[in-house]
Amino acid sequence: MDTRKIVLLVGALIVAAITAFMARSLITGSPAPVAGAATVAAPVDGPEVLVATRALPVGTILDATALKFQPWPKELVENAYYIKADTDLKALQGTVVRNAITAGQPVTQGALVKPGDRGFLAAALGAGMRAVTIPISVQTGVAGFVFPGDRIDLILTQTVPGGGDGPPLKASETIMRNLRVLATDQRTDNTTGEDGKTVVRTFSNVTIEATPKIAEQIAVAQTLGALSLSLRSIADNNSELEQAIASGDIKVPETDDPKAEKAMMLKLASQPATGNNTFAVGADVSRFQRRTVPGKAAETSMMPGAPGGAVPAGSFPVAAVHGPVVRVARGNNVTEVPVGGKK
């Protein structure tokens, strides 16, 4: 086969390959673009009603984050719902939930109790709880930065004189923890200014929620010294959770049920606590203060037959001492120690 025939054969093969490729492309065609199906929610035909942004148990004091307006189908709107056109949302802050409301559920007018209404404070209390009012000052009340619904610790500061020489013992002790604030003075709402921010106001009384036993302890604590408030963080306290589990106050669910764990954490967050008190004394902040209570000065009494006649009471309760003695002085306390001799 000569060179010319070989060139023609190769050319024919190339042309055939190109033709076949073009024919395949025309038959198959380019793939049609697939349009992404965008899910567009149909607009709700109805007015905006007030709904809960989270679960609101009985006794919850409402704030600005607990409620919002949401469109609702007009055929499902009831007369008891709060309609946006007729509702002032700020006026509902500080009201108390009378009936439990789930997240996303419309709020009915009968489910809330407004300040000043009959039974308002009783509705704010949890089951088995009591309301206790404590007088405080600007310094002991966190300068007014405590609002209804906050959680606080209660600190008792007292002076323990003892019976000896020297200054008395100064001590502060955290006696109660995780107490819920119900009202400051006679206010149960958080007042907001024109800029939308909460207005901070000082107060002279605070009403808190407590168990009957804790209420009795608070009444006694007011007679011992000054009470101060310590504002708690909204973050969970892992150390207190461990203490509650160890003491048996909180039971860990046996299964890995998220709802059971959430219920356990909610119980801990809403449960006042006492015991395991922490304290600080004057010596913890100043070297010139005491660490312990001054000891009692020894009282003396006359004992017949004793040398000098004066012997500390209780030193020799059985009989008087006869014979040589050595007097030992410790401050103002003088004792006589026998050193031998005939009795």
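Attention here is on the structure that accompanies the text. By convention here, each chain's residues receive numbers from 1 onward along its written sequence. The predicted nature of this model means local features are confined to residues of pLDDT at least 70 and side-chain atom pairs, given and counted, to a pLDDT of 80 or more, with totals for whole chains, interfaces and linings taken over all residues. For the side-chain quantities, the full set of heavy atoms in the structure was used; hydrogens and water were omitted.

What follows covers the overall build of the protein chain. Think of it this way: any DSSP run of H or I at least four residues long counts as a helix, any run of E at least two long counts as a strand, and we number them from the N terminus. A count of helical and extended segments in the protein chain gives 5 helices and 14 strands. Only protein chains enter the accessibility calculation, which uses a 1.4 Å probe. A residue is then buried if its area is under 20% of the maximum for its type, exposed if over 50%, and partly exposed in between. Taken over 343 residues, the protein chain has a buried fraction of 28%. The Shrake-Rupley method, run with a 1.4 Å probe, gives the accessible areas here. Residue values count only the displayed protein chains as cover. Accessible surface computed for the protein chain: about 22200 Å², of which carbon and sulfur atoms make up 57%.

Counting residues in hydrophobic clusters, the biggest one holds 21 residues, and the most contacted among them are Ile134, Leu154, Leu179, Val206, Ile208, Ile218 and Leu227. For this core, the secondary-structure elements that each account for two or more residues are strand S5 (130-135), strand S6 (151-160), strand S7 (169-184), strand S8 (205-210), helix H3 (212-224) and strand S9 (226-231). Once you skip the residues sitting within four places of it in the chain, Val206 turns out to touch Val132, Thr133, Ile134, Ile136, Val181, Ala183, Thr184 and Leu229. Judged by nonpolar contacts, the second largest core, of 13 residues, contains Ala52, Leu62, Tyr82 and Ala111. We call a set of buried residues a nonpolar core when its members are Ala, Val, Leu, Ile, Met, Phe, Trp, Tyr or Cys and they connect through side-chain atoms within 4.5 Å of each other. Here, two residues are considered to be in contact whenever any of their heavy atoms come within 4.5 Å of each other.

Before going further, it helps to examine unusual backbone geometry. One non-glycine residue, Asn178, adopts positive backbone phi at about 60°. As for its position among the elements, Asn178 is in strand S7.

Mapped onto the fold, Thr95 is located in the loop between strand S2 (67-71) and strand S3 (96-97). Each polar contact in these results corresponds to two N or O atoms within 3.5 Å; when the atoms are within protein, one needs to be able to donate a hydrogen and the other to accept it, and residues that are neighboring in sequence are counted only if both atoms are side-chain atoms. Polar contacts involving the side chain of Thr95 include one to the main-chain carbonyl oxygen of Leu92, which spans 2.6 Å.

Turning to the pattern of salt bridges, a few remarks are in order. Any carboxyl oxygen of Asp or Glu that lies within 4 Å of a side-chain nitrogen of Lys or Arg is treated as forming a salt bridge with it. Applying the stated criterion across every chain, the model contains 5 salt bridges. Across the salt bridge formed by Lys84 and Glu48, the nearest N and O atoms sit 3.5 Å from each other. Placement of the pair is Lys84 in the loop between S2 and S3 and Glu48 in strand S1 (residues 48-52), with a sequence separation of 36 residues. A relative accessible area of 31% means that Glu48 is categorised as partly exposed. Ionic pairing is found between Asp153 and Arg232, a salt bridge with its closest N-O pair at 2.9 Å. In this pair, Asp153 is assigned in strand S6 and Arg232 in the loop between S9 and helix H4 (238-247), connecting sequence segments 79 residues apart. By relative accessible area, Asp153 is classed as buried at 13%. Residue class for Arg232 comes out buried when judged on its relative accessible area of 18%.

All right, on to the environment of Thr207 then. Here Thr207 lies in strand S8. Here Thr207 falls in the buried class, since its relative accessible area comes to 9%. Spatially, the C-alpha atom of Thr207 lies 5.5 Å from that of Leu182, the residues being 25 residues apart in sequence. Thr207 has contacts with Ala131, Val132, Thr133, Arg180, Val181, Leu182 and Ala183, leaving out every residue within four places of it along the chain.

The subject of this paragraph is the pairing of S6. When DSSP locates at least two bridges between a pair of strands, those strands are taken to pair. Pairing analysis gives 9 bridges linking S6 to S7, with the strands arranged antiparallel. Residue pairing for S7: Leu156 is matched across the bridge by Glu173. In this structure, S6 lies alongside S9, joined through 6 bridges in antiparallel fashion. What sits directly across from Ile155, in S9, is Ser228.

To continue, consider a nonpolar patch on the surface. Patches were defined on residues exceeding 30% relative accessible area and lacking a salt bridge, with like-charge contacts within 9 Å and nonpolar side-chain contacts (Val, Leu, Ile, Met, Phe, Trp, Tyr) within 5 Å. Taken together, the side chains of Ile6, Val10, Ile14, Ile18, Phe21 and Met22 make up a nonpolar region of the molecular surface, amounting to roughly 590 Å² of accessible area. Following the sequence through the fold, Met22 ends up in helix H1 (residues 3-28).

Bringing H3 into the picture now. Look at H3: 19 Å from first C-alpha to last across 13 residues, which is about the 18 Å you get at 1.5 Å a residue. Within the span of H3, buried status applies to Ile214, Ala215, Ile218 and Ala221. Projected down its long axis, H3 carries its buried residues within an arc of 120°, all on one side. Of the exposed residues in H3, the ones pointing more than 90 degrees away from its buried face are Lys213 and Thr223. If you follow the buried residues of H3, they end up packed against S5, S6, S7, S8 and S9. An expected span of 1.5 Å times one less than the residue number is assigned to each helix. Throughout, the arc means that of the directions going from the helix axis to the C-beta atoms.

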